[in-house]
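Reading the structure
The chain contents come next:
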Amino acid sequence: MPSMTIAENIAAVRARMARAAQRCGRDPAEVALVAVSKTHPAEMVRQACQAGVTTVGENYIQEARDKIAALADCPLSWHFIGHLQSNKAKYAVDLFDLIHGVDSLKLAREIDKQAAKFGKIQPILIQVNISGEATKSGTTEEAALALVLEAGRLEHLQVRGLMTMPPFFDQPERARPYFAALRRLRDRIRAEAIAGVDMAELSMGMTGDFEVAIEEGATLVRIGTAIFGPRE
Ligand SMILES: *Cc1c(COP(=O)(O)O)cnc(C)c1O
């Protein structure tokens, strides 16, 4: 395979995203691309930005802080998609427009407290361990509604939806039931019409399975490898 530029990779990903949306009668504009740049240098993120990427996902606070500083001149929205420890919440609130992986009331409270100090309402997603795998973070499906209710009461948080990581499969079709389950859970929670909670977003789908995730309702796909190449 000839080596592709980041701009070419992004164009190919966007075309695949649009086709997946169209296949199931969705407007491609409903699905946003989060370019996941963990382990890749700021220079590559700059190229992505020049190729029209507007949203970048990072997993580690220190790494993100350096890149955000190096790319201050790029009009990018930064999302935290990693596992956030409570003692790092203040940095996450300072740096990120959306925190995808909130999976406990303790963490939600800490983010709320830090957001209050920044005078910010912090948008968050609740991470759900929809497969129940012991190695995955996320609240259980059963506990998700209670967590959304509690987090929704915190004044400096805005719950915008749910996020999940299904098990890894070679065949993306096998991830479909997990994506569908997250969507149904989102719909159930949305039907509760909880004050301060909008539930618009479903963050699901990565390089190996984003098309299936879009078919099942993803509004945010988190794609690293297909844009930046393999990680070390
Ligand atoms: C690394 C990462 C991704 C991107 O994975 P790819 O398979 O490289 O697209 C997406 N989501 C999360 C939470 C990640 O940690």
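Since we're looking at a predicted model, the values are computed, not measured.

**Considerations on the packing of aromatic side chains**
- For the coordinates displayed, the defined rule picks out 2 aromatic pairs.
- Ring geometry for F80 against F96: centres 5.2 Å apart, planes inclined by 65°, an arrangement best described as edge-to-face. Placement of the pair is F80 in strand β3 (residues 77–80) and F96 in the loop between α4 (89–95) and β4 (98–102), with a sequence separation of 16 residues. Take F80 and F96: they sit in the same class, and that class is buried.
- Between the aromatic rings of F169 and Y178, the centroid separation amounts to 6.0 Å while the plane-to-plane angle is 25°, which identifies the pairing as stacked.

**Brief notes about the side chain of Q114**
- Note on placement: Q114 falls in helix α5 (residues 105–118).
- Excluding its chain neighbours within four sequence positions, the residues that come into contact with Q114 are A89, K90 and V93.

**Topic: the site of the ligand**
- In the neighbourhood of the ligand, 13 residues make up the surrounding shell, with K38, N59, T207, T225 and R231 lying closest.
- T225 is positioned such that a nitrogen or oxygen atom in its side chain is 2.5 Å from an oxygen atom of the ligand.
- The separation between an oxygen atom of the ligand and a polar side-chain atom of R231 is 2.8 Å.
- For the ligand, whose unbound accessible area comes to 390 Å², protein coverage reaches 90%.
- Its residues placed into classes, the shell around the ligand shows 6 nonpolar, 4 polar and 3 charged.

**Side note on the pattern of salt bridges**
- Scanning the model with the defined rule gives 19 salt bridges in all.
- Put simply, R153 and E150 hold a salt bridge, and the shortest N to O gap is 3.4 Å. With R153 and E150 both in helix α6 (residues 141–153), this residue pair falls 3 residues apart, about one helical turn.
- Salt bridges sharing common partners tie together R23, E173, R176, R183, E215 and E216.

**Comments concerning the pairing of strand β6 (residues 157–163)**
- In terms of residue burial, β6 counts as a mostly covered element, since 5 of its 7 residues are buried.
- Handedness of the crossover joining strand β5 (residues 122–127) and β6 through α6 is recorded here as right-handed.
- Bridge count for β6 against strand β7 (residues 197–203) is 4 bridges, and the pairing is parallel. Opposite L162, over in β7, you have L202 as the bridge partner.
- With respect to chirality, the unit in which β6 leads through helix α7 (residues 176–191) into the neighbouring parallel β7 is right-handed.

**Some remarks on unusual backbone geometry**
- Positive phi values are uncommon outside glycine, yet T39 reaches one of about 75°.
- With respect to the helices and strands, T39 occurs in the loop between β1 (32–36) and α2 (42–50).
- For T39, a relative accessible area of 44% gives the class partly exposed.
- Look at M199: it is not a glycine, yet its phi comes out positive at around 60°.

Rules and cut-offs
Residues numbered from 1 in each chain as written. Predicted model: local features only at pLDDT ≥ 70, side-chain atom pairs only at ≥ 80, totals over all residues. Heavy atoms only, no water. Phe/Tyr/Trp six-rings, centres within 6.5 Å; stacked < 30°, edge-to-face > 60°. Helix = DSSP H or I, 4+ residues; strand = E, 2+ residues; numbered from the N terminus. Buried < 20%, exposed > 50% of the residue type's maximum accessible area, 1.4 Å probe, protein only. Contact = heavy atoms within 4.5 Å. Near = heavy atom within 4 Å. Polar contact = N/O pair within 3.5 Å; in protein donor to acceptor, adjacent residues only side chain to side chain. Areas by Shrake-Rupley, 256 points an atom, 1.4 Å probe, with all protein chains shown as cover. Nonpolar A, V, L, I, M, F, W, Y, C, P; charged D, E, K, R; others polar. Salt bridge = Lys/Arg side-chain N within 4 Å of Asp/Glu carboxyl O. Right-handed = clockwise from strand over helix to strand, strands pointing away. Pairing = 2+ DSSP bridges.

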